[in-house]
Structures are given as C-alpha cells and as structure tokens.
Amino acid sequence: ILEELPCVIVEGLTDREQVGIMLCENLQRNDLTFYEQGQGFQMMLDLGDTIDEISEKTGFSKNTVKHRVEIAKLPKAAIEHNRFQLTISDLIELEKITDVKRREKVLELSWDSNNLKNRINQEVKDQKIQKNIKTVKDWLKKCKIEKEKKFPGMPFSSNYEKVITINLEDIKVWNFTKFKEKVEGKTDLTWTDSYGTLYVCRKLTEKEN
C-alpha cells in the first residue's frame, strides 16, 4: 500500500544499545509465548535495564514484566510438558513459592489448576513453618532448651506437662518476654514439633504423676 517508508539510520550505538533495541523490537511480536517474553525481559535486565525502563521501552506494565520474568525462571520443559493446559493465572500463583526448584516440583506433581492451587497453598504454608521454626529454634537455643530426640510423642504423654504451645504458621503474636518468664530458671524442659506446632514440655516427677 505504501510506496515509501521512513527510515532512520542511527550510528554510534554501543553493543549493549544495539542488543537492547533488537530485544525491544522482538518483544513486540504477537506470536511470542509468555515464556519467550520472560526470556527477553530477563536478557534486558542482564544488559542493565531496570523493570521501569523495560516497561517504558516495551509498553508492557511493570507487573507484566515482573510476572513474565518469574515465568522464565522455570525450565521450558516444565511448562510445556505438564499434565494440563497452564493459564497465566496458574503461573502467577506459582510465584508464591520462592524456591524455583520447589515450583518445578509442585508443577510436575499437579494434575489440574485446582490441584496446583492446593499444592501451592500447602507449599507456602510449609515455607512459613520452616522459616518460623528457625526463629523459634534460635530463641530456644538462647534459653538452653534442647530438642527431645528419643520421645517425639511427649506432648501427648501423661508423663509430660505442656509449658508452651506455639503455632508455627503464625508467630507474630509471640511474646518472647512472656514466654521467657515461663522457662527462666528451669532445667528440665525439652521441645519437639509436630504438624506445624511446637511444644515446650516438662517431664513430671513421680510425685506429680
């Protein structure tokens, strides 16, 4: 239809600028997958562009750029050879799992979107528990309370008294000072954890039993 097209010849570009322009133009293609877009955005990041700069250059929102980059962290095979048709919502949900290897494992085991969501929620819960248990363990170490290794079922035994019960899913309500008062000066305490709960217990004397 057009007999003439405007052409601009730019000289003096650095290699980084040339590659950046090439990537930026390539990302405007309609046939790119989310994964391919993510790879392109990551390459631009590697060249030194920020999320804001990529958004400005490509016209994609900052959130879109961030999500696509997260998608590209997964192996391509994990996305292409899963058991069901992934949606962009599924892939964004996966971002809740911080460890990319765990994302890949959860995706591999899931058989549909609902199952994927359930597995993600469980994984997020486990992540939170693992993070919180480290905080609590450090506190117990300062209090010189060691883990019970021989009798993990002690919280449910009549031979032990529960001194502190901690929900490891949420330790924001923790009052370290209050708990310290409960354990201070006691040398017969031990702890164990079970299904997201940590118990600090004291073994009862024969007289108390």
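This one's a predicted model, so the numbers in the text were calculated from it and none came from an experiment. (Residues numbered from 1 in each chain as written. Predicted model: local features only at pLDDT ≥ 70, side-chain atom pairs only at ≥ 80, totals over all residues. Heavy atoms only, no water.)

Participant: Kindly report on unusual backbone geometry, identifying the contributing residues and their values.
Facilitator: A negative phi holds for most residues other than glycine; trans holds for most peptide bonds. Here the phi dihedral of K144 falls at roughly 60°; this positive angle occurs in a residue that is not glycine. Inspection of the secondary structure puts K144 in the loop between α8 (113-142) and β1 (146-147). Relative accessible area serves as the criterion here: at 75%, K144 is assigned to the exposed category. Its identity as a non-glycine residue notwithstanding, Y195 has a phi of 50°, on the positive side. Looking at where Y195 falls in the secondary structure, it is placed in the loop between β3 (189-194) and β4 (197-203). Note on Y195: relative accessible area 85%, which makes it exposed. (Helix = DSSP H or I, 4+ residues; strand = E, 2+ residues; numbered from the N terminus. Buried < 20%, exposed > 50% of the residue type's maximum accessible area, 1.4 Å probe, protein only.)

Participant: How would you sum up the packing of aromatic side chains? Please name residues and give values.
Facilitator: A complete count under the given rule lists 3 aromatic pairs for this structure. An angle of 75° between the planes, with centres 5.4 Å apart, marks the rings of F41 and F60 as edge-to-face. With F41 in helix α2 (residues 34-46) and F60 in the loop between α3 (51-58) and α4 (62-71), this pair connects stretches of sequence that are 19 residues apart. Comparing F41 with F60 shows no difference in burial state: the two are buried. Here the aromatic rings of F156 and Y199 are separated by 5.7 Å at their centres, their planes lie at 75°, and the arrangement is edge-to-face. With F156 in the loop between β1 and β2 (160-167) and Y199 in strand β4, this residue pair connects regions lying 43 residues apart in the sequence. (Phe/Tyr/Trp six-rings, centres within 6.5 Å; stacked < 30°, edge-to-face > 60°.)

Participant: Tell me about the pairing of β4, and name the residues and values.
Facilitator: Counting buried positions along β4 yields 6 of 7 residues, so the element is predominantly enclosed. Across 7 bridges, the pairing between β2 and β4 is antiparallel. Following the sheet pairing, E161 is matched in β4 by R202. Sheet topology places β3 next to β4; 6 bridges connect them, and they run antiparallel. (Pairing = 2+ DSSP bridges.)

Participant: Outline the nonpolar core, listing residues and values.
Facilitator: Residues L140, I164, L198 and V200 are the most contacted members of the largest nonpolar core, which totals 17 residues. Sorting the residues of this core by element identifies α8, β2, α9 (176-183), β3 and β4 as the ones contributing at least two each. The element contributing the most residues to this core is α8, with 5 residues. Ignoring sequence-local partners within four residues, the contact set of V200 consists of L140, I145, E161, K162, V163, I164, L189, T190 and W191. Core analysis: the second largest hydrophobic core is formed by 14 residues, A78, I79, L86 and L107 among them. (Core = buried A, V, L, I, M, F, W, Y, C linked by side-chain atoms within 4.5 Å. Contact = heavy atoms within 4.5 Å.)

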